[in-house]
Amino acid sequence: DSIYIDRSDFILKDFVVKDAQNNVSVCSGRYRFWENRYDLNIASRNFLLLNTTSSQNESFYGSVYISGLTNINNRDGVTNLTVNIRPEKNSRLFIPLTSALSEEDGNFLHFVNPNQPMRRKGNVTSSSNNLTLNANLEVNDNLEVQVVFDPTIGDILRTKGNGDVKVTLDQDGMINMFGEYKISKGDYLF
């Protein structure tokens, strides 16, 4: 597609980006070269966002198709990422716990009973950074999540569900995740 130049601005006008299956995301915005400032809007429809295998990433992998809007800018010297997306058909996310269970504090996944009070709350922090994230994820039955306990014997929890999850990351490195995900369908081989 074409990139337009106006003085020191690189301008994207309905710049088309295609995934490996020719699904489209459309980008519009500008980059001010001399000021190193940018503001980019991305509209995606059934776009293949994630297409990885376990050999490429031990933490999570799969094929995830999304639709929604994203804005990336660097106002005030900070990269700001605002995401409003939902998964589309044939999306599969695998979360293997085999590597996490061998680490000391690999207890990042907890199954809770809604009738019991939370026993533990925690915040994950990292060092100060120049990135903020504000992500709104509208999870639906199009996404199959598989929690893989032991792939060699088929110890896998498969789920589908609905909910809204919000993930934020501030400049202090504080990650917050909140919302609700209700499992509507699933299976586990005992």
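See the structure above.
Residues numbered from 1 in each chain as written. Predicted model: local features only at pLDDT ≥ 70, side-chain atom pairs only at ≥ 80, totals over all residues. Heavy atoms only, no water.

**Some words on a nonpolar patch on the surface**
On the surface, I3, I5, F10, F33 and W34 cluster together into a nonpolar patch covering about 590 Å² of accessible area. Locating I3 in the fold gives a position in the segment before β1 (4–6). (Patch = residues over 30% accessible without salt bridge, like charges linked within 9 Å, V, L, I, M, F, W, Y side chains within 5 Å. Areas by Shrake-Rupley, 256 points an atom, 1.4 Å probe, with all protein chains shown as cover. Salt bridge = Lys/Arg side-chain N within 4 Å of Asp/Glu carboxyl O. Helix = DSSP H or I, 4+ residues; strand = E, 2+ residues; numbered from the N terminus.)

**Quick word on the packing of aromatic side chains**
Here the structure, examined in full by the defined rule, presents six aromatic pairs. Look at Y31 and F33: their rings are 6.3 Å apart centre to centre, the planes differ by 85 degrees, and that puts the pair in the edge-to-face class. Taking relative accessible area as the criterion, Y31 reaches 27% and is therefore assigned partly exposed. (Phe/Tyr/Trp six-rings, centres within 6.5 Å; stacked < 30°, edge-to-face > 60°. Buried < 20%, exposed > 50% of the residue type's maximum accessible area, 1.4 Å probe, protein only.)

**Details of the pairing of strand β12 (residues 174–188)**
Along any regular strand, the residues point their side chains to alternate faces of the sheet. When strand β11 (residues 155–169) meets β12, the two strands line up antiparallel, connected through 13 bridges. The residue bridging T168 from the neighbouring strand is N176, located in β12. With antiparallel pairing between neighbouring strands as the criterion, β11 and β12 make up a hairpin whose turn holds four residues, including G173 at a positive phi of roughly 85 degrees. (Pairing = 2+ DSSP bridges.)

**Quick word on the environment of S28**
Relative to the elements of secondary structure, S28 occurs in strand β3 (residues 24–32). For S28, a relative accessible area of 25% puts it in the partly exposed group. The contact partners of S28, leaving out residues within four places of it in the chain, are L12, K13, D14, D39, L40 and N41. Polar side-chain contacts of S28 include one of 3.2 Å to the backbone nitrogen of D14. (Contact = heavy atoms within 4.5 Å. Polar contact = N/O pair within 3.5 Å; in protein donor to acceptor, adjacent residues only side chain to side chain.)

**Some words on unusual backbone geometry**
In this structure, N36 is a non-glycine residue whose phi angle is positive, near 50 degrees. With respect to the helices and strands, the residue N36 is situated in the loop between β3 and β4 (37–52). Phi is positive for N46, close to 55 degrees, though the residue is something other than glycine.

**Quick word on the pattern of salt bridges**
In total, this model carries eight salt bridges according to the counting rule given. Of the charged contacts, one joins R92 and E144 as a salt bridge, the two residues approaching to 3.8 Å between their closest N and O atoms. Here the residue R92 occupies a position in strand β7 (residues 91–96), and E144 occupies one in strand β10 (residues 143–150), the gap between them amounting to 52 residues. The closest approach of N and O atoms between R158 and D187, which form a salt bridge, is 3.7 Å. Taken together, the positions of R158 in strand β11 and D187 in strand β12 put the pair 29 residues apart, joining distant regions of the chain. For D187, a relative accessible area of 41% translates into the label partly exposed. The network of salt bridges with common partners includes D9, R30 and R32.

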